[in-house]
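Summary of structural features
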Amino acid sequence: MAKEKSVKIYHLIILDNSASMASVTMQTIEGVNTQWKTIKADADEFKDQEHIFCLVTFGDKIKYDVWKQAANTIEELTNKTYIANGWSTAMCDAIGGGINGLRNEIVEELKNEDTKVFVNIFTDGYENSSKEFDAKDCKELIEEVQQTGQWVVAMVGCEENVFEEAAKMGIHQGNTVKYARGAVGTQVAMQHLSRARHKMSDDVSKGLYSSDTTTSYMADTVVPTATNVDPLNPNNMLITAND
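Keep in mind the model is a prediction, meaning the values are calculated, not measured.

A separate point is the overall build of the chain. When helices and strands are counted, the chain shows five helices and eight strands. Counted from the first residue to the last, the chain has its helices and strands arranged as β-α-β-β-α-β-α-β-α-β-α-β-β. A globule of 243 residues ought to have a C-alpha radius of gyration of about 18 Å, and the chain, at 17 Å, matches this closely. Overall, the C-alpha framework of the chain stretches about 50 × 40 × 35 Å when taken along its three principal axes. Taken over 243 residues, the chain has a buried fraction of 54%. For the chain, long-range pairs separated by at least 24 residues make up 76% of all intrachain contacts whose partners lie at least 6 apart in sequence. Taking the average place of the 23 positive charges on the side chains of the chain and the average place of its 36 negative ones, the gap between the two points comes to 4 Å.

With that out of the way, let us pick up the confidence of the model for the chain. Averaged over every residue, the pLDDT of the chain is 90; the share at 70 or more is 90%. Here residues 237-243 is modelled with pLDDT under 50, and outside its nearest four sequence neighbours on either side it reaches 25 contacts, counting other chains as well.

Counted at 1.5 Å a residue, the expected span for helix α5 (residues 183-206) with its 24 residues is 34 Å, and the 35 Å between its end C-alpha atoms agrees. Just downstream of α5, Gly-207 is the residue with a positive phi angle, here 75°.

With that settled, consider the nonpolar core. Leu-15, Phe-53, Leu-55, Phe-122 and Val-156 are the most contacted members of the largest nonpolar core, which has 36 residues in total. Secondary-structure elements contributing two or more residues to this core are β1 (7-16), α1 (25-45), β2 (49-58), β4 (115-123), β5 (151-157) and α5. Leu-55 has contacts with Ile-13, Leu-15, Trp-36, Lys-63, Tyr-64, Asp-65, Val-66 and Leu-77, leaving out every residue within four places of it along the chain. Counting residues in each nonpolar core, the second largest holds 30 residues, with Met-91, Ile-99, Val-119 and Ile-142 among its members.

In this fold, Gln-27 is placed in helix α1. The contact partners of Gln-27, leaving out residues within four places of it in the chain, are Ala-183 and Thr-186.

This part takes up empty space enclosed by the protein. Counted according to the given criterion, the structure contains one cavity of 30 Å³ or more. There is about 60 Å³ of room inside the largest cavity. If you trace the largest cavity, you find it lined by Met-91, Thr-123, Gly-125, Tyr-126, Met-155, Gly-157, Glu-159, Asn-161, Val-162 and Glu-165. Where the lining of the largest cavity is concerned, the elements lending two or more residues are β5 and α4 (162-168). Grouping the constituent residues of the lining of the largest cavity by class yields four nonpolar, four polar and two charged.

Where helix α2 (residues 91-105) contacts helix α3 (residues 135-147), the axes come no closer than 9 Å and their chain directions differ by 30°. As α2 runs across α3, the sense of the crossing is left-handed. Residues Cys-92, Ile-95, Gly-96, Ile-99, Asn-100 and Arg-103 of α2 lie in contact with α3, whose contacting residues are Ala-135, Cys-138, Leu-141, Ile-142, Glu-144 and Val-145. When the residues that make up the contact of α2 with α3 are grouped by side-chain class, the tally is eight nonpolar, two polar and two charged.

Turning our attention to the packing of α1 against α5. At a minimum axis separation of 9 Å, α1 and α5 run at an interaxial angle of 15°. Accordingly, the angle class assigned to the pair α1 and α5 is roughly parallel. For α1 against α5, the interelement crossing comes out right-handed. Along its contact with α1, which presents Gln-27, Thr-28, Gly-31, Val-32, Thr-34, Gln-35, Thr-38, Ile-39, Asp-42 and Glu-45, the element α5 presents Ala-183, Thr-186, Met-190, Leu-193, Ser-194, Arg-197, His-198 and Ser-201. Tallied by class, residues from the contact of α1 with α5 come to five nonpolar, ten polar and three charged.

Turning next to α2. Here α2 contains 15 residues, and its C-alpha end-to-end distance of 21 Å stays within 8% of the 21 Å for a straight helix at 1.5 Å per residue. Within α2, burial applies to Met-91, Cys-92, Asp-93, Ala-94, Ile-95, Gly-96, Gly-97, Gly-98, Ile-99 and Leu-102. In this structure, the buried side of α2 is in contact with β1, β2, β3 (62-70), β4, α3 and β5.

Parameters and conventions
- Residues numbered from 1 in each chain as written.
- Predicted model: local features only at pLDDT ≥ 70, side-chain atom pairs only at ≥ 80, totals over all residues.
- Heavy atoms only, no water.
- Helix = DSSP H or I, 4+ residues; strand = E, 2+ residues; numbered from the N terminus.
- Rg over C-alpha atoms; globule rule 2.2 N^0.38 Å.
- Buried < 20%, exposed > 50% of the residue type's maximum accessible area, 1.4 Å probe, protein only.
- Contact = heavy atoms within 4.5 Å.
- Lys, Arg positive; Asp, Glu negative; His and termini not counted.
- Charge placed at Lys NZ, Arg CZ, Asp CG, Glu CD.
- pLDDT = per-residue confidence, 0-100.
- Expected span 1.5 Å × (residues − 1).
- Core = buried A, V, L, I, M, F, W, Y, C linked by side-chain atoms within 4.5 Å.
- 1 Å grid on protein atoms, 1.4 Å probe; cavity = no way out; pocket = protein on both sides within 12 Å on 5 of 7 lines; lining within 4 Å.
- Points joined across faces, edges and corners; volume = space filled by probe spheres on them.
- Nonpolar A, V, L, I, M, F, W, Y, C, P; charged D, E, K, R; others polar.
- Axes fitted to C-alpha atoms, helices over the stretch in contact; angles between N-to-C directions.
- Left-handed = near helix turned anticlockwise from the far one by under 90°.
- Parallel < 35°, antiparallel > 145°, perpendicular 65-115°, else oblique.

This is the structure we're talking about:
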């Protein structure tokens, strides 16, 4: 009989698929697949950890593409399963529905402090069409889950006010990243998320995970170069290469 895993780590990706993402479809697909590979690799490396994946996409509609799927059963995203054609951006509904839905379904598992959740929101725009949740609702929900010390919530966006918008939702600055719009920026941001995701798994394995580390996984995994990081704010990814 296989030994039961003592740690469960849920990964919830909340991904923009509005029409503005169409020009970076390939990089978005590759980036999500890179994260899936990271999750699978972590499941293999850390034998006591069970990694479970969820993907929620949002444009004018919210779609629960993958829900609580074991790492070893994840299928890669393709241009048939990720199509950026939403005519608006119901980001708050995706955040509220995704986080609240997952929390409600794993409420018993969350009673075990060894259960962790890594949420990342990836968007190139801003909220403009949600009907069920607004930024205030999201802030209350995100602050509730973050206060448990079991949830990491990160936002990656390319609008100038991404830090302001993240703060409105209660997301820590250390888990907020601004990336350059376009192919290169998208690729770099997705790679950054993979590093942050792996660091969390590694910290859990080494006993280094704490309520303090949950506030800065994105800041702690920046790989700075002379051209891609604002020296005044290392989470501001200033990609200057031509896309």
